[in-house]
Each structure stands twice: as C-alpha cells, then as structure tokens.
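Analysis of the macromolecular model
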Amino acid sequence: MTVFGIPLPAILGQLTLGLVNGSFYALLSLGLAVIFGLLGIVNFAHGAFYMLGAFAAYLGLQAFGVNYWFALILAPLAVGILGVIIERLFLRRLYGQDPLYGLLLTFGVALIAEGIMRDQFGSSGKSYPVPGLLRGVVDLGFMVLPIYRGWVVLASLSICATTWFLIERTRLGATLRAATENARLVQAFGINVPLMVTLTYGAGVALAALAGVLAAPVVQVSPLMGSSLVIVVFAVVVIGGMGSIVGAIVSGLALGLIEGLTKVIYPEASNIVVFVIMAVVLIFRPAGLFGRE
Amino acid sequence: MKNASAAAALAAIWTIFSAQAGAAGDPVVIGDIDDLSGVYADASGQGGIEAANMAIADFGGSVLGRKIVLMTADHQNKPDIGASKFREWADQNGLNMLLGGSNTGVSIAMAKVAGAKKVPFIAIGAGGASLTGVDCTAYSIHYAYDTTALANGTASVIVKGGGKTWYFITADYAFGTQLQEAATRVVTANGGKILGAVRAPLGTTDYSSFLLQAQASGAQVLGLSNAGTDFSNSLKAAAEFGITKTMKPAALLAFISDIHSVTLETAQGLYLTTAWYWDLNAETREFGKRFFAKMKKEPTMDQAAYYSATTQYLKAVQAAGSTDPDKVMAELKKTRINDLFTKNGYVRADGLMVHDMYVMQVKTPAESKYPWDYYKVIKIMPGEEADGAQPDPACALIKK
C-alpha cells in the first residue's frame, strides 16, 4: 500500500519520528510560551538554556558521576537557578519596556553562553550515553524504534500536560494569570508578585534545560545545539499563538509530524517547511492558531 | 558617469599605494579566514591559528628582515563574509598570503578574490575538488585534502572489500555534493551501485528520518557525505537505531576531533581517509606533543597542514627574495614539500598539493592503548593514486 507513491510503513515510520521531534518542540515552546505569556519577555536565550541543560547533564556525569535520572532533576534545577539570577540582575529592569529590549538582552545572554561553552568544550561537542535502562530498540512492525526515543515522547507529553494543568487548572496558575493581567491588584491581595515572576522565569528556563537533558543522549551535546533549534521553536510558538500554552503544545507536535513527512517527500525543504507554515498562518490568523486577537 | 571615473581614479591611486606596501620594513602579513565558531571550528579554527603561530615562531618571527604578522577572522561559514574580509585585507592591510577555508562554499568565494587581487590563497579546511578544477586560479593552492582523494581512499577500499551497494546521506551544499559525486564515480567504476541519496540541510541535528530511508533502500554501505557535527550526529543516530549493525558506515570525511567527540564506542570499525595522523612517526608525534601542550588536544590533519603551509610559504618568500605573488607562486610550484605534514609533496599546475593520503580504520575501545590512540593504517595511498597525476582539465590554467 502506498500514499503519495511512498510505502505506508515509511510514512508511519516518519510520523513516529516526527512525533519524537514534535515532543522536543512542544517541550521547548512550552517554556517559551509560559515566559512570554506571563512575563511578556521574548526569551531568545531559550536555546542556550536547552544547551546548558544538556551540558549540565554531561558535566554532572563526567565530574560527579551523577546518572541520567538524577540529572533529569538536578540539571534543570541548576540551570533554573541561573535563570533566576539573570532575571533578578537584568531582566527585571526591562519590564514594561518595549519587548525588543528583552529580546536583545536574552539574545546577548545566548551568545555569551554559547561562546563560553565553545571556548571550554570546542564546537564538535561531547557524547552523552543512553541510560542503561532505556538502551535497545523495539520493533513496531513498520519500523525499529530505539526505546529511548519512545521515552522522550512519554516524558515530554506528561511534562506538557502537567504544566498545562498547573497553569490553567490550579489556584497557583490562576494567581499567576491574574498577576499578568493586573499585577498591582494581585499584589494588593498580599501576594509577592515580583517573586512569583522570578520563579516563573526560572521554571520556564528549567523546562528548556529539561528538554536539553532529554536530548543529550540522542544528539551531540554541542554549544550550538540550541541556536539551530531556537528559531524553529519560535516559529512554533508564533504558529500556536504567542503565550498560548495549549497552542505551543499542539503546534509543536503537529509541526514535528509535518516536518517528518517533508523529510520523505522533499528532504531539502525540511528545514524551511516550519517557516512556510508560519508565514501562511500569519497571513490568515495574525495572532496564531490558538492566540487571542 | 563623472562619479564613476572619479571612483576609478581613486581605485587606481589606491592600487599604486597597495602595490608599494611590499617595501622593506613593512611586515609580511599572513591572514587566516576560517570557521572559528561554527560546526567546523574544531577541525581547524583556533587550533589552525595556533599551528600557524607555531610555524611563524619556528621560522624566527621574520623573513627577509621583515616581521611576520598573522591576522585572523571568522567567516561564520558565510561566503560573503569570507570574500569581503579577504578583499578588505588585500586592499587595506597589505595582505601577502591568505590561509583558510573550512567550508568549500566560502573557499570558492575567497579563491575568486585571490585571482582578482593576486594574493596567494592556500585553502586548507575545505574539501571541494573544484577549487583546483572549475574554480581554480593562478593564486590558489589546495593544500590538505580534497573530495577526490577522500573518495579514492574510503570508497575504493570499501567497494573492493565487498561493499557494493551504497546509500548516501549528503550535506546539502557544494562540499557534500562534490564529495558524493566523487564517491559515486569510484563506487560505479569498481562495479558497485548507488541505491539512493538524501540531501540533508547543513546543521541538521535529527538524522533519524534520513537513516530510516537509507535502511529501507537495502544498501550495504551508508556513505556519510558530510563533516563536523553533521557527521557526528548522523553516525550517532545510525548507531542508536541499530543501523550500523546492518549497514557498514563509511565516513567520507571525518577529523580526529570528530572521532574524539563521538567516542570509539560509536565510531569503532569506521573507515576514513586522512592526510595526516599525529601517531604516524616520531616527527608527527613530536608536533602532536607540542600542539597538545598548548591546545590540550591532538592536532587534526588541517591543523598540521596550517603549520606546513605557513612554513612552506615563508620558505618560498625567502627563496624568491620577495613577497611578489607571482614569484612566490612559482617558487611554491617548483619546490618539493618535505616536512612533518608530508614527504615529497608537490603543487600541481592546477594548484592541488599532491601528497600521500592514509586510509584508516577506527580502533575498537579494546585496541586503543593510550589517549588519542584512535586509528590503524589500512592503506597508504600515494598522491598520484589519491588525486591522479594529471591536473584537472576543468581548470582554465591547464593548456589543452
């Protein structure tokens, strides 16, 4: 059986891989959407934090023997603290200004982080082993899937769901959303809004680092691993609607799938298809698929 | 029109001044425009600069009583940046020779400047054989390796060893496609067959889709027609998906820095072709030791070539008694090259430096006895076998 002249098993295989990539996109764009939605900051350093998460896992393993499972908690924590420091020292001063300033600042932070890591570890990067428990492959019938990639999908989907639930369905989330609508009023209720904002930024950064740890065993841990990804992730967020959490998750997964199909149909276009879709979406729905006009 | 002639007059005056910039007392200016920050920065990058500086220091820091100065710039893998920086240095800084490359696209753009400005350009990191073919100039030399030699090494050893059917994963730009074409010629000439190829954009991180297509083709050999992080990410994913068990991966270009970063665990058994390896003999080990003391890693073939090319250029300047580009080029083309990089190498009429190449196999972790003990020599390929004794007829310099 064939679809568009391509055998069905090949299509299914590519869709599965697209789901894996889509999971990374979803996880990364989730963090971006949280930061933009609640702080109004266009966090261009997101790719760098993703990279730092992967390096934190690598360094933890090399220097202290921290295994993958602990790295999943410790690396996001460490990078999240770095995010908190950056928010306290710099970003804080830019609230209420043109979003361009935040974008420039975080872009600068990304360049500095990449430069330091390149100086320390070189551009070809480091290898991080797949954790013992998740080695091997499963035969899905139409393709052989490494167990680790399956785990990535599961882990990222559950993190996305949890984050969505926290922000959209809990009291904490309601307070957060209220604070972004009217910070002064929320503060009047005795809630420490600046602290909440700082922690939100830290949490968004930690999500990026977590994606980095998840990616470490499948891609080369290199200083530039984030810079190529962050642009795609921005496109995903724009397509989903800036600041929309559901939009980020859904469009992340969907674009992963579409990109996967492009890789079979016309591979040369695989790195621009996301941007073509972004352009089309912006023409018909300037606020994104799930954004509020 | 008036403005245009004024500009032309200015340009003429400028040329007179820059032509005079070779007088005694002025420094001899060597430039290096290379990838200092991108995917190829580990293969040459800072290490290349360090090697060139070592060569200048070993030469005594001056030639013909003139101080030797090294200028460096990052081309960021963008042809326009490389070419405009080269032009700027040639016009304003009295540049006498340019080293560089690490990206065929950028090197082709810079070779055009070399031809126009009459400044010798020694291309090192780039692989594209067209640099001494259709893109050749009287002032360019292709020094370390080219796509023809890589294909004649790795592809021919594998085809002759029984790997008859191939599938390529190719970096989608000049270097990748030239490498794939060269390898295709070698494979088909030896009775092999190409079952397919996929062009992946430069800097792709996820190769799993492409690998799945390669696997579906049923080919015996997975030809990796890419380099740098593209190479490491594609090889890593191939190992992860278990494809290295059913297909034999062939690295059409891998540097020792790449093998170091993917580790022997992943790279073991891989065939590759290199111009140089630090552990070949006492002389290469000595250079490796000096380089390691500074950079904390063994030099790649490109970095050794940086040392060699800088030294040979300075020797040629000394022998010619001048930095005049034509005299120096003539000197470089008639002198045999004997140093730690190669023995009995020579620059062919089209600008290609013909020298021995080595087909290597990556050791298993058990075979590796000490740090950076990564390769065993499978075959030493004389320069004529690697690149052919005859210059490329596509080069306009070659009289037909």
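Residues numbered from 1 in each chain as written. Chains lettered and ligands numbered in written order. Predicted model: local features only at pLDDT ≥ 70, side-chain atom pairs only at ≥ 80, totals over all residues. Heavy atoms only, no water.

**What to know about the overall build of chain A**
For chain A, the helix and strand inventory stands at 11 helices and 4 strands. Here chain A, with 293 residues, has 54% of them falling under the buried criterion. The long-range share in chain A, meaning contacts at least 24 apart out of those at least 6 apart in sequence, stands at 77%. Entry remark: accessible area of chain A is about 12,900 Å², with carbon and sulfur atoms responsible for 71%. Computing the positive centroid from 14 side-chain charges and the negative centroid from 10, chain A places the two 9 Å apart. (Helix = DSSP H or I, 4+ residues; strand = E, 2+ residues; numbered from the N terminus. Buried < 20%, exposed > 50% of the residue type's maximum accessible area, 1.4 Å probe, protein only. Contact = heavy atoms within 4.5 Å. Areas by Shrake-Rupley, 256 points an atom, 1.4 Å probe, with all protein chains shown as cover. Lys, Arg positive; Asp, Glu negative; His and termini not counted. Charge placed at Lys NZ, Arg CZ, Asp CG, Glu CD.)

**Remarks on empty space enclosed by the protein**
Residues and elements named next belong to chain B. Tallied over the full model, the rule gives 4 cavities of 30 Å³ or more. Taken as a whole, the largest cavity spans an internal volume of roughly 100 Å³. Together, 15 residues line the largest cavity, and Tyr-40, Ser-102, Asn-103, Gly-125 and Tyr-145 are the ones closest to its centre. Residues belonging to the lining of the largest cavity are distributed by class as follows: 9 nonpolar, 5 polar and 1 charged. There is about 50 Å³ of room inside the second largest cavity. For the second largest cavity, the full set of lining residues is Ala-254, Phe-255, Ile-256, Thr-274, Trp-276, Tyr-277, Trp-278, Pro-299, Thr-300, Met-301 and Tyr-375. (1 Å grid on protein atoms, 1.4 Å probe; cavity = no way out; pocket = protein on both sides within 12 Å on 5 of 7 lines; lining within 4 Å. Points joined across faces, edges and corners; volume = space filled by probe spheres on them. Nonpolar A, V, L, I, M, F, W, Y, C, P; charged D, E, K, R; others polar.)

**Here's the deal with the sheet that holds strand β5 (residues 121–123) of chain B**
Backbone-to-backbone hydrogen bonds join strands into a sheet, with any given pair of strands oriented parallel or antiparallel. Residue and element names in this part refer to chain B. In spatial order, the strands read β2-β3-β1-β4-β5-β6; together these 6 strands make up an open sheet with mixed pairing. Unpaired on one side and paired on the other, β2 (62–63) and β6 (140–142) mark the two borders of the sheet. Pairing geometry for β2 and strand β3 (residues 66–74), over 2 bridges, is antiparallel. Among the inter-strand pairings, Ser-62 is bridged to a residue of β3, identified as Lys-67. Helix α3 (residues 79–92) contacts β1 (28–34), β3, β4 (95–100) and β5 of the sheet and is inclined by roughly 170° relative to β1. (Pairing = 2+ DSSP bridges. Axes fitted to C-alpha atoms, helices over the stretch in contact; angles between N-to-C directions.)

**Here we look at the packing of helix α5 (residues 147–169) of chain A against helix α8 (residues 193–215) of chain A**
Two quantities define a packed helix pair, namely the angle between the axes and the distance from one axis to the other. Residue and element names in this part refer to chain A. Here α5 crosses α8 at 170°, and the two axes come no closer than 11 Å. Relative to α8, the element α5 is oriented roughly antiparallel. Considering the relative orientation of α5 and α8, their crossing is right-handed. For the pair α5 and α8, the contacting residues are Tyr-148, Trp-151, Val-152, Ala-155, Ile-159 and Thr-163 in the first and Leu-207, Leu-210, Val-213 and Leu-214 in the second. (Parallel < 35°, antiparallel > 145°, perpendicular 65-115°, else oblique. Left-handed = near helix turned anticlockwise from the far one by under 90°.)

**Notes on the confidence of the model for chain B**
Residues and elements named next belong to chain B. On average, residues of chain B carry a pLDDT of 91, and 94% of them reach 70 or more. In this model, residues 14–23 is a region of pLDDT below 50 whose contacts with residues beyond four sequence positions or in other chains number 10 contacts. Predicted complex, confidence summary: ipTM 0.79, pTM 0.83. (pLDDT = per-residue confidence, 0-100.)

**Side note on the nonpolar core**
Ranked by internal contacts, the top residues of the largest apolar core, which has 136 residues, are Phe86(B), Tyr143(B), Ile259(B) and Tyr313(B). Element by element, the count of residues in this core is highest for helix α12 (residues 301–320) of chain B, at 10 residues. Ignoring sequence-local partners within four residues, the contact set of Tyr143(B) consists of Ile122(B), Ala123(B), Ile124(B), Ala305(B), Ser308(B), Ala309(B), Gln312(B), Ile337(B), Phe341(B), Met353(B) and His355(B). Formed by 86 residues, the second largest nonpolar core is a distinct cluster that contains Val20(A), Val34(A), Val42(A) and Ala216(A). (Core = buried A, V, L, I, M, F, W, Y, C linked by side-chain atoms within 4.5 Å.)

**Observations regarding the pairing of strand β14 (residues 357–362) of chain B**
Residue and element names in this part refer to chain B. Among the 6 residues in β14, 6 count as buried, and that is most of the element. Across the two faces of β14 the burial is the same, with Met-357, Val-359 and Gln-361 and Tyr-358, Met-360 and Val-362 all buried. One ladder, built from 4 bridges, connects strand β11 (residues 271–274) with β14; its direction is antiparallel. If you follow Thr-274 over to β14, its bridge partner there is Tyr-358. As paired elements, β14 and strand β15 (residues 375–381) share 6 bridges and run antiparallel to each other. Among the inter-strand pairings, Met-360 is bridged to a residue of β15, identified as Val-377.

**As for the interface of chain A and chain B**
Each partner contributes residues to the interface: chain A has 33 residues there, and chain B has 30 residues. Three residues stand out in chain A for area buried against chain B, namely Ser124(A), Gln220(A) and Lys263(A), and they jointly supply 21% of the buried area on that side. Along the contact surface separating chain A from chain B lie 3 salt bridges. Across the salt bridge formed by Asp206(B) and Lys263(A), the nearest N and O atoms sit 3.7 Å from each other. On the surface where chain A and chain B come into contact, there are 17 residue pairs in polar contact (both at pLDDT 80 or more). (Buried area = accessible area lost by both parts, 1.4 Å probe. Salt bridge = Lys/Arg side-chain N within 4 Å of Asp/Glu carboxyl O. Polar contact = N/O pair within 3.5 Å; in protein donor to acceptor, adjacent residues only side chain to side chain.)

**Structural notes on a nonpolar patch on the surface**
Residues and elements named next belong to chain A. Side chains of Phe-70, Ile-73, Leu-74, Leu-77, Ile-81, Ile-85, Leu-89 and Phe-90 sit close together on the surface and give an oily, nonpolar patch of about 800 Å² of accessible area. The topology assignment puts Ile-81 in helix α3 (residues 68–89). Ile-81 sits in the partly exposed class, given a relative accessible area of 48%. (Patch = residues over 30% accessible without salt bridge, like charges linked within 9 Å, V, L, I, M, F, W, Y side chains within 5 Å.)

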